[in-house]
Amino acid sequence: MGHKAVASDAAAPHVLVFPVPAQGHINCMMHFATGLVAAGLHVTFLHSDHNLRRLGDARAAPAADTPRLRFLSVPDGLPDDHARAIGGGIMGLLESLRTKGSVAYRSLLASLVRGAGDNSNDGFPPVSCVFADGLMPFAVDIAEEIGVPALVFRTASACSVLANMSIPRLFELGELPFRSGDDLDEPVRGVPGMEGFLRRRDLPSYFRTCTENHTDPMVKMLMDVTAHSCRARAVVLNTAASLEGSAVAHIATHVRDVFAVGPLHAMFPAPASNASLWRADDGCMAWLDGQPDRSVVYVSLGSLVTISKEQFTEFLSGLVSAGYPFLWVLRPDMVGASESAALREAVTSAGESKARVVGWAPQLDVLRHRAVGCFLTHAGWNSTVEAAAEGVPMVCWPFFADQQINSRFVGAVWRTGLDMKDVCDRAVVARMIREAMESPKIRASAKALARQVRCDVADGGTSAVEFERLVEFIKNLST
Ligand code: UDX
């Protein structure tokens, strides 16, 4: 935590960091970029044109004392009013980036390798290394074609990456595809190190619909990107030994090299630039200041989840009947206008001191606040590690992708919360919130895990040492 900044060196390597242009990917890769800059490297952070416009010039600018970081952008190929990945439709965004965005990416990268960036090169040396989001294999392949070494950054949990690596084995063992009538509570064989606790329902969401001949487009995509990650020079993961040491060790047997350098928000807590696509409502911090210690339920389902009117009603009823004050993030694009109005009305009737709704929260600050007693989350990987690092108990309602397996880790491996997977019922919501708020066992496990994570990210800790090894790896590529 708070690793020392290194003085500027014009000859230091110049790294291009290219996340999938979605909030969960941008956030951890921004903390990663912050760490690279602190280690003395130059970083060009590549947004999509759409997101850079959304961030706005002022908000996207690096802090004045960060001259080695700058932002450029490429088109994602979609119209401005497109939903992009909201609601789980990430395939369309990825395909558009591959077919359309890649053209601009290729020519931009070629110019950055020659040392000429957009208009001026801001004194940056030529790009000597690329970190591309593992969901965009084209970004790695183009870089290598141009002659720039490229590494893969996976933003999801190591356990989900390992589950994806195990897909061929799961088919071989007959665990996939699921047959109608299969009991989802049955244990799954074939994901190494997880035989003791992984059930069918805990596999990443896409596995539920895949067919014998692997034709499910999402599963095929996951198999392709996973095979691609295995061929890459190295894979970087936003995780730590205390969170997923066993999964990282198994991944190491499939890839050329792996660096577990997370949780990056805890390694480099002050991001070099604002990366938030929504403007956070800071007023909720003053509201939290007025609440007793560990009294508030923080509710947020990340940046992509949408919920139905029925689910919304169950959550709201459960929250009200649990009886604790709550702070609920209700993104404008997450429910219909009528649901949003209903929630605001419910808040008014509950009274301002009892509940607060915001469109977007400063989540890291909220999770660090003494008033927060538990986190009702979709178990997106960033949210999961952010709560783990703060020792906040969780109630998980996973929506899609890696969230199903992440929430199993919370409920059955770390025991830092409860897994509400596949159930959205007011009585269950209320019961689990009460338990997460009151259970001394869950709170003790959450605090113990947070202590271990703090050790991982402290100087000399496993993640800090891995980050130093990664910086050396980059420097060696550049010589
Ligand atoms: C998704 C997947 O869920 C995740 O598992 C994958 O690895 C990356 O993409 P998302 O669904 O948005 O991301 O969830 P999450 O990974 O939790 O990321 C959301 C980010 O937005 C977190 O860093 C969180 O701190 C931030 N956030 C969320 C806010 O800053 N304010 C909010 O109000 C809500």
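The rules behind these values
- Residues numbered from 1 in each chain as written.
- Predicted model: local features only at pLDDT ≥ 70, side-chain atom pairs only at ≥ 80, totals over all residues.
- Pairing = 2+ DSSP bridges.
- Helix = DSSP H or I, 4+ residues; strand = E, 2+ residues; numbered from the N terminus.
- Axes fitted to C-alpha atoms, helices over the stretch in contact; angles between N-to-C directions.
- Contact = placed C-beta atoms within 7 Å.
- Near = placed C-beta within 6 Å.
- Nonpolar A, V, L, I, M, F, W, Y, C, P; charged D, E, K, R; others polar.
- Buried ≥ 20, exposed ≤ 12 C-beta atoms within 10 Å, placed from the backbone.
- Right-handed = clockwise from strand over helix to strand, strands pointing away.

A. Expanded view of the sheet that holds strand β3 (residues 69–74). Pairing within the open sheet is parallel, and its 7 strands lie in the order β3-β2-β1-β4-β5-β6-β7. The open sheet has two edge strands, β3 and β7 (258–260), and neither has a second partner. With direction set aside, neighbouring strand axes in the sheet form an average angle of 25°. Direction of pairing for strand β4 (residues 129–133) relative to strand β5 (residues 150–154): parallel, over a ladder of 4 bridges. The residue of β5 that forms the bridge with Val130 is Ala150. Contacts from helix α4 (residues 90–114) reach β1 (14–18), β2 (42–48) and β3 within the one sheet, and its direction differs from that of β3 by about 140°.

B. Quick peek at the site of the ligand. Lining the immediate surroundings of the ligand are 25 residues, of which Gly24, Gly302, Ser303, Gly380 and Ser383 lie closest. Per-class residue counts for the shell around the ligand are 9 nonpolar, 14 polar and 2 charged.

C. Structural detail: the sheet that holds strand β10 (residues 355–358). If you walk across this open sheet you meet the 6 strands as β10-β9-β8-β11-β12-β13, and the pairing is parallel. Every other strand in the sheet has two partners, leaving β10 and β13 (417–419) as the edge strands with one partner each. For this sheet, the mean inter-axis angle between neighbouring strands, taken without regard to orientation, is 15°. Relative to β13, strand β12 (residues 394–396) runs parallel, the two being bridged by 3 bridges. Across the sheet, residue Val395 finds its bridge partner in β13, namely Leu418.

D. Representation of the pairing of strand β9 (residues 326–329). The side-chain alternation of β9 yields two buried faces, one formed by Phe326 and Trp328 and the other by Leu327 and Val329. Strand direction decides the pairing type here: strand β8 (residues 296–300) and β9, joined by 3 bridges, are parallel. For Val297, the partnering residue across the bridge sits in β9 and is Phe326. The handedness of the β8 to β9 crossover, carried by helix α12 (residues 309–322), is right-handed.

E. Up close: unusual backbone geometry. The linkage connecting Leu176 with the following residue, Pro177, adopts the cis geometry, with an omega of -5°. By secondary structure assignment, the location of Pro177 is in the loop between α7 (167–172) and α8 (217–231). A cis amide bond links Gly262 to the next residue, Pro263, at an omega of -10°. The phi angle at Asp422 is positive, at roughly 70°, despite the residue not being glycine. Here Asp422 is to be found in the loop between β13 and α17 (426–438).

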